[in-house]
Amino acid sequence: MPDRVPRFSWRRPLVLWRSRNDVVAEVFGDPSNGIRRRCVAALAERGTRAGFTMHRPDESFSFVVLGDPGEGDRSQYAVVPAMLNAAGGTDFMVVASDVVYPAGEAADYPDRFFRPYRDYPGPIYAVPGNHDWYDGLRGFLRVFCDLDMNCRPDPWRGPFGFVPRLLWRRSGPVDEAALAEARAKYRGAPGQRAVQPGPYWAIDTPALRIVAIDTGITGGIDRDQGEWLREVSAGPRPKLLITGKPLYVDDRSKPGKIEGGGTVDAIVKDPAHNYVAAIGGDIHNYQRYPMRVGDRTVQYVVAGGGGAFMHATHTIPKTRLVDEDDFRCYPLRGDSLSRYSRLYGRVLRMPKLFELTPEEATQAVRHRLGINPGRGYGGSGGSIASSAKGLADEGARHAPAGGPGGASPRNDAEGGAPAAGPAGRPAAGSAKPSLRVRFVAWLLGVPRDGRWRPGMTRLPVRKMPQRFRSEMADWDRPPFFKSFLRVDVTPAELRIRCYGVTGCGDHEARPPCEDEVTIALR
């Protein structure tokens, strides 16, 4: 990490004001489709790869998926050492959503993209997120597609069309000299340079086709991209989808509307297309839903924990889309609740009321959701949450996670009875939580018996950070609970591993594998 890293805070009014296009798009209509059509036409006129498809001859390869990284602060840089160590030997990286915060400007790319990933030796491709679109996608197109164009939206229609025209934030300037200097200084090696065909693209390999789509600001895709998606999805070759917004998240379906009819998820589920997995960013944690589709299973993954503030997982209800025993998330719900309780205790200056230990938080999650925790805290194996808590409080080094080599898949509910603690006592998760613990869990939004908690019935731990970037979810000291994916492909199988990043020293060289799934391709 550089000696001096600027702080990035969503509490600054100017940062929020630069992100106002999100509200404009949701209230008055998302202009992404019109802008995208113009940029795709410009790319086609200039001459781009046929079908927006890149080709790799290797039957076996690997790559990194990093979601929503670009705040340019310590929490983003904390992911880099662990990612570089776990990503050794990978061929390329894909940034899935929100490359640069807060508004995707070209001026922010040197410090929030080029410099953090200067030591990654391979090329980096990307799919834009909603924040990249707050600049009309101008910065993204210039950096990844080598295209600079007018990204002003088409006029809004209707008697109030003048309102979004006045409020819409215009694209920032592109300083060609500054971008060229940053690229040459930080990512100038021949193996690091790459130009992708457009904001959506595909990579064709003998074993797998990777399909990446651009979901704009609100999550839909335009008619032309929908036709391209259907064409590139045809055929029996196994496929992996990468998207700016996940199709399943927080035990809810977000199918992704296609202009003119149909959904992205319907294309993924069509057995003729043979999709085996779909990975989306946007939500800043890790989740995995193995969905049965006919006689096959499609792995739906949320992978937006690459650097930006953490979205809570303890607000996810007991899953109904998939069996709770099959669901995976990182951070664990108990660790998420414990971290947010400490944040509220500090900010509201009521630590004795709010702060929950990982043990207490795990008890509360088990009590309210009716699930068995996948990890107890009574044994000697240690835990990410408990040891990271000790690091934050006392400056101690973080203890390795349980499992061989510090890497083992974890989940809030893995089936079976809770583990026994010392001397045969029940583990912490099996005891009934105190009234204070139950009250804090209720206040911070832990659902009851799988029922969703409306935002008005709890303190902001999910919607507020997403909409207004509350300080409740933006911290700059460990533990961070970030994550990234390593994807390994052979002719026979696809292997997806989620690595957790706490920002603690012991995990930089050997980050723990928090989840792993292997998918047969034959």
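Just so you know, these numbers come straight off a predicted model, no measurement behind them. (Residues numbered from 1 in each chain as written. Predicted model: local features only at pLDDT ≥ 70, side-chain atom pairs only at ≥ 80, totals over all residues. Heavy atoms only, no water.)

Colleague: Please clarify how the environment of L14 should be interpreted in this entry.
Modeller: Along the chain, L14 turns up in helix α1 (residues 13–18). Sequence-wise, L14 and P102 are 88 residues apart; in three dimensions their C-alpha atoms are separated by 9.9 Å. (Helix = DSSP H or I, 4+ residues; strand = E, 2+ residues; numbered from the N terminus.)

Colleague: How do you make sense of empty space enclosed by the protein when you look at a structure like this?
Modeller: Space left empty within the atom packing is revealed by a probe, the size of a water molecule, rolled over the atoms. Following the criterion strictly, the structure yields 4 cavities of 30 Å³ or more and no others. Lining the largest cavity we find F113, F114, I124, V143, F144, R183, R187, Q192, R193 and A194. Its residues assigned to classes, the lining of the largest cavity comprises 6 nonpolar, 1 polar and 3 charged. (1 Å grid on protein atoms, 1.4 Å probe; cavity = no way out; pocket = protein on both sides within 12 Å on 5 of 7 lines; lining within 4 Å. Points joined across faces, edges and corners; volume = space filled by probe spheres on them. Nonpolar A, V, L, I, M, F, W, Y, C, P; charged D, E, K, R; others polar.)

Colleague: What should I look at first to understand the packing of helix α12 (residues 333–347) against helix α14 (residues 358–369) in this one?
Modeller: Two numbers describe a pair of packed helices, the interaxial angle and the distance between the axes. Two elements in contact, α12 and α14, have axes whose closest approach is 8 Å; the angle formed by their N-to-C orientations is 120 degrees. The angle between α12 and α14 falls in the class oblique. For the pair α12 and α14, the sense of crossing is right-handed. Listed contacts from α14 to R333, G334, D335, L337 and S338 of α12 are P358, A361, T362, A364, V365 and L369. A class-by-class count of the residues in the contact of α12 with α14 yields 6 nonpolar, 3 polar and 2 charged. (Axes fitted to C-alpha atoms, helices over the stretch in contact; angles between N-to-C directions. Parallel < 35°, antiparallel > 145°, perpendicular 65-115°, else oblique. Left-handed = near helix turned anticlockwise from the far one by under 90°. Contact = heavy atoms within 4.5 Å.)

Colleague: Is there a simple way to think about the packing of α14 against helix α16 (residues 435–443) in this case?
Modeller: Across the interface, α14 lies against α16 with an axial gap of 9 Å and an inter-helix angle of 70 degrees. Taken together, the axis directions place α14 and α16 in an arrangement best described as roughly perpendicular. Counting all contacts with α14, which are made through E360, A364, H367 and R368, the residues of α16 involved are R436, V437, R438, A441 and W442.

Colleague: Is there a simple way to explain the confidence of the model for the protein chain in this structure?
Modeller: Do not read the predicted coordinates in detail wherever pLDDT is low. Taken residue by residue, the protein chain gives an average pLDDT of 85. The fraction at 70 or more is 83%. When the criterion is pLDDT under 50, residues 378–429 qualifies, and its contacts beyond four places in sequence or with other chains add up to 122 contacts. A low-confidence stretch, residues 463–471 stays under pLDDT 50, and its non-local contacts, those more than four residues away or across chains, total 20 contacts. (pLDDT = per-residue confidence, 0-100.)

Colleague: Help me understand the pairing of strand β14 (residues 482–489), please; the structure alone is not making it clear to me.
Modeller: For a regular strand, side chains alternate in direction, first toward one face of the sheet and then toward the other. Counted residue by residue, β14 has 8 buried out of 8 residues, so it is predominantly covered. With burial as the criterion, each face of β14 is covered, one bearing K482, F484, R486 and D488 and the other bearing S483, L485, V487 and V489. Two elements, strand β2 (residues 61–67) and β14, share 5 bridges in a ladder whose sense is antiparallel. Directly across from V64, in β14, lies its bridge partner R486. Two strands pair when backbone bridges link them, and β14 and strand β15 (residues 493–501) are joined in this way by 8 bridges, in the antiparallel orientation. (Buried < 20%, exposed > 50% of the residue type's maximum accessible area, 1.4 Å probe, protein only. Pairing = 2+ DSSP bridges.)

Colleague: What's the story with the packing of aromatic side chains in this structure? I'm lost.
Modeller: In this description, a pair of aromatic rings is defined by centroid distance and the angle of the planes. Applying the stated rule across the entire model yields 20 aromatic pairs. Taken together, the ring pairs in this structure connect Y109, F113, F114, Y117, F140 and F144 into an aromatic cluster. Directly above the aromatic system of W17 lies the positively charged group of R20, at a separation of 4.1 Å from the ring centroid. (Phe/Tyr/Trp six-rings, centres within 6.5 Å; stacked < 30°, edge-to-face > 60°. Lys NZ or Arg CZ within 6 Å of the ring centre and 35° of its normal.)

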